[in-house]
Structure formats: C-alpha cells, structure tokens
Amino acid sequence: MPATLSQPSVAASLHPEHARKTQILVVVAIITNVLGNVSLSHGMHQVGRIVSASPLDYLKAVENPWTLLGIGVLVTWMLTDLALLSRADLSFVLPVTASAYVLVAIGGHFILHDHISWQRWTGIVLITLGVVLAEETPDRTTRSSPEPLP
C-alpha cells in the first residue's frame, strides 16, 4: 500500500526538518563509530594482547590515552545511536549506519596498516551497495511513541 501524508509516521519522515535532523544524527553516528573504533584499536595494539580473564588487566588498558579516547568517542556514538533510534526505525538505522563498517575497514587499512584481502574488499563493496539501497527508503515506517520523554 503506498504511503500517504495522512499516516502520522510517514508524515513525520517526510517533514524536511525531521529528515535533516535524522541525516545529521546518521553522520554523527558514523563519524563517532569510526573514530572511536580506530582509536580503541590503536590503543589496544599499543597495550598488547590481553589473555587473562582478570578485569584488572582490562582496567589497566584504559590507562592508554588512545584506548581512553576510543571509549569516550564510543560513548558519544552510543548516545547518538539512542537519539537516532528514537526517531527512526531500526531497520533503517542499522543498514544506513553500516557504512561505518566500511570506513572502519578503510581506516584500519590506511591508518593502522591492516591487510585487507580481496574477500574483505568484496564484502565492503556489498555493504556499500546495501547502505545505498537502505538510504533510499523512509527512515520511519512505524508509528511514533504517543508522548516523548520529558
């Protein structure tokens, strides 16, 4: 059944202000995901392999500034993701923000010097195509909650 403006959920997703704010949240979520994960990985490579089950070893890893930066940026990513999920469907958010996986792989290759095999490059291309397809859909197809949190 085609979407009409009389449906509240579709009307909200077609509103230009709603779409603009959602796009900003998507960009912030992607950037913080990439920066946080690359920083965290860089820090953990500096810390070295942790093979124990002791939480103290992991707490010591937080002493590394790159690890701490990564955690801080990923907290920002999580808050942004919460805001994004409050205004758009999960079936929209996860595929669209999957472009962060692509950028993390590219960042890992060029910044951290990770080797990317042709199989991974193939997966990166497929993820990119999926992101492009998901971006073409409405961000919300379900009804919004009746009242926002105060």
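Keep in mind it's a predicted model, so treat the numbers as computed, not measured.

*Asks:* Explanation requested: the environment of Gln-23 in the structure shown.
*Replies:* Secondary-structure assignment places Gln-23 in helix α2 (residues 16-47). For the pair formed by Gln-23 and Asp-139, sequence separation is 116 residues and the distance between their alpha carbons is 9.6 Å.

*Asks:* How should I be thinking about the packing of helix α6 (residues 99-110) against helix α7 (residues 118-135) in this particular structure?
*Replies:* Taken N-terminus to C-terminus, the directions of α6 and α7 make an angle of 145°; their axes are 8 Å apart at the nearest point. Judged by the twist between their axes, the crossing of α6 over α7 is left-handed. Residues Ser-99, Val-102, Ala-105, Ile-106 and His-109 of α6 form the contact with α7, whose own contacting residues are Trp-121, Ile-124, Ile-127, Thr-128 and Val-131. For the contact of α6 with α7, the residue count by class is 7 nonpolar, 3 polar and no charged.

*Asks:* Looking at this structure, I do not really get the confidence of the model for the protein chain. What am I missing?
*Replies:* Detailed reading of predicted coordinates is not advised where the pLDDT is low. In the predicted model, the protein chain carries a mean pLDDT of 84, and 85% of its residues have values of at least 70. Across the protein chain, element-level confidence peaks in helix α4 (residues 65-87) with a mean pLDDT of 96 and bottoms out in helix α1 (residues 8-14) with 46. Counting interchain partners and residues more than four positions distant, the pLDDT-below-50 stretch residues 1-13 has 17 contacts.

*Asks:* Just checking my understanding: could you explain α7 for this structure?
*Replies:* The periodicity of an α-helix, 3.6 residues per turn, causes residues three or four positions apart to be oriented the same way. Spanning 18 residues, α7 covers 26 Å between terminal C-alpha atoms, matching the ideal 26 Å at 1.5 Å per step. Restricting attention to buried positions, one finds in α7 the residues Ile-124, Val-131 and Ala-134. What you see down the axis of α7 is that its buried residues fit within an arc of 85°, all on one side. Away from its buried face, by an angle of more than 90 degrees, α7 presents the exposed residues Trp-118, Leu-126, Leu-129 and Leu-133.

Reading guide: rules and limits
Residues numbered from 1 in each chain as written. Predicted model: local features only at pLDDT ≥ 70, side-chain atom pairs only at ≥ 80, totals over all residues. Heavy atoms only, no water. Helix = DSSP H or I, 4+ residues; strand = E, 2+ residues; numbered from the N terminus. Axes fitted to C-alpha atoms, helices over the stretch in contact; angles between N-to-C directions. Left-handed = near helix turned anticlockwise from the far one by under 90°. Contact = heavy atoms within 4.5 Å. Nonpolar A, V, L, I, M, F, W, Y, C, P; charged D, E, K, R; others polar. pLDDT = per-residue confidence, 0-100. Expected span 1.5 Å × (residues − 1). Buried < 20%, exposed > 50% of the residue type's maximum accessible area, 1.4 Å probe, protein only. Arc of directions from axis to C-beta.

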